[in-house]
Each structure stands twice: as structure tokens, then as C-alpha cells.
Amino acid sequence: AQLDLKDAQPLLKGKNLEQARLEVGRKLGWGVVPGSNYQARREGEKLVIHGRGSGHGVGLCQKGAAAMAAEGANFREILAHYFPNTVLTTAARQARRR
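If you're wondering where the values come from, they're calculated on a predicted model, not measured in any experiment.

> Provide a residue-level description of the overall build of the chain, including the pertinent values.
Tallying secondary structure elements over the chain gives 5 helices and 3 strands in all. Helices and strands appear in the chain in the N-to-C order β-α-α-β-β-α-α-α. For the chain, whose C-alpha radius of gyration is 18 Å, the value lies well above the compact-globule estimate of 13 Å for 98 residues. Reported as C-alpha extents along the three principal axes, the dimensions of the chain are approximately 55 × 35 × 20 Å.

Quick look at the structure:
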């Protein structure tokens, strides 16, 4: 993707890249910087972005999770699919263990 420097200002500030990516996405569309795994370089008055993947890079696909839910999967099944070998617990249970 190529952005005018004016539109790319959030990405150029360099403080919180995820927040900047979301700000650009809200303004210009989610496909401009679809994921957190990207590189950007300035070429004249443009910012050229190359990347791969989409989202935050933590492993859960919202569309996939929604499709699983539509097919009847509950939240535990969805989380087990995306985060195998993870144990779910409650804050109350954790407090009792201390």
C-alpha cells in the first residue's frame, strides 16, 4: 500500500504502532495496514507499506471464531481451537489458590 504522508502521520509518530495502525484503518479502511506485521519506508511524499498477515498477531481470527460460533461452538471450544493447551480459570478461583 502507498499512503500520502498526511494520511500516514499516525504511523510516522512511532509511539504505539498498533494504535496507529487502527487509527489509519478507521480512516482509510482496514486493508491499508491489515496487520501488525509490516514494514514501512518513505518514498518521496508517500509511505510505502509492505506486510503480511492481518490483525494483532496473537492468533485468534475474529471471522473464524464468529463462524465457529455460528456453527454452535461455545467460547471454550473456540478458545481451545485457537489457543490449544491453555487452561481457563476464573479470577475467584485464582484468588482462592493464593
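> Describe the confidence of the model for the chain, naming the residues involved and giving the relevant values.
Here the chain averages 84 in pLDDT, and 93% of its residues register 70 or above. Per-element averaging of pLDDT across the chain places helix α5 (residues 91–97) at the bottom with 77 and helix α4 (residues 75–82) at the top with 91.

> Could you give an account of the pattern of salt bridges, with specific residues and numbers?
Within this structure, the stated rule accounts for 5 salt bridges. Across the pair glutamate 18 and arginine 21 runs a salt bridge whose closest N-O atoms are separated by 2.8 Å. Linking glutamate 18 with arginine 21, this pair stays in helix α2 (residues 17–28), spanning 3 residues, or about one helical turn. The shortest N-O distance in the salt bridge between glutamate 43 and arginine 41 comes to 2.7 Å. For arginine 41, a relative accessible area of 41% gives the class partly exposed.

> An account of a positive patch on the surface is requested, with residue identities and associated values reported.
There is a patch of like positive charges on the surface, built from Arg76, Arg93, Arg96 and Arg97. With 3 residues, α5 is the single largest residue contributor to the positive patch.

> Mind laying out the pairing of strand β3 (residues 46–51), listing which residues take part and the relevant values?
Bridge count between strand β1 (residues 2–4) and β3: 3 bridges; the pairing is antiparallel. Bridging from a neighbouring strand, aspartate 4 pairs with lysine 46 of β3. Across 6 bridges, the pairing between strand β2 (residues 38–43) and β3 is antiparallel. The residue of β3 that forms the bridge with tyrosine 38 is glycine 51. Connecting β2 to the next strand, β3, in antiparallel fashion are 2 residues, including glycine 44 with a positive phi near 65 degrees.

> Give a description of the nonpolar core that names residues and reports values.
In terms of nonpolar packing, the biggest core is built from 11 residues, these being Leu3, Leu5, Ala8, Leu11, Ala20, Val24, Val32, Val33, Tyr38, Leu47 and Ile49. When contributions to this core are tallied by element, the ones reaching two or more residues are α2 and β3.

> Could you give an account of the sheet that holds β2, naming the residues involved and the relevant values?
Overall, antiparallel pairing links the 3 strands, which are arranged β1-β3-β2 in an open sheet. Edge positions in the open sheet fall to β1 and β2, since each of these has one partner strand only. Strand-to-strand twist of the sheet, defined as the mean angle between neighbouring strand axes without regard to direction, takes the value 25 degrees.

Rules of the game
Residues numbered from 1 in each chain as written. Predicted model: local features only at pLDDT ≥ 70, side-chain atom pairs only at ≥ 80, totals over all residues. Heavy atoms only, no water. Helix = DSSP H or I, 4+ residues; strand = E, 2+ residues; numbered from the N terminus. Rg over C-alpha atoms; globule rule 2.2 N^0.38 Å. pLDDT = per-residue confidence, 0-100. Salt bridge = Lys/Arg side-chain N within 4 Å of Asp/Glu carboxyl O. Buried < 20%, exposed > 50% of the residue type's maximum accessible area, 1.4 Å probe, protein only. Patch = residues over 30% accessible without salt bridge, like charges linked within 9 Å, V, L, I, M, F, W, Y side chains within 5 Å. Areas by Shrake-Rupley, 256 points an atom, 1.4 Å probe, with all protein chains shown as cover. Lys, Arg positive; Asp, Glu negative; His and termini not counted. Charge placed at Lys NZ, Arg CZ, Asp CG, Glu CD. Pairing = 2+ DSSP bridges. Core = buried A, V, L, I, M, F, W, Y, C linked by side-chain atoms within 4.5 Å. Axes fitted to C-alpha atoms, helices over the stretch in contact; angles between N-to-C directions.

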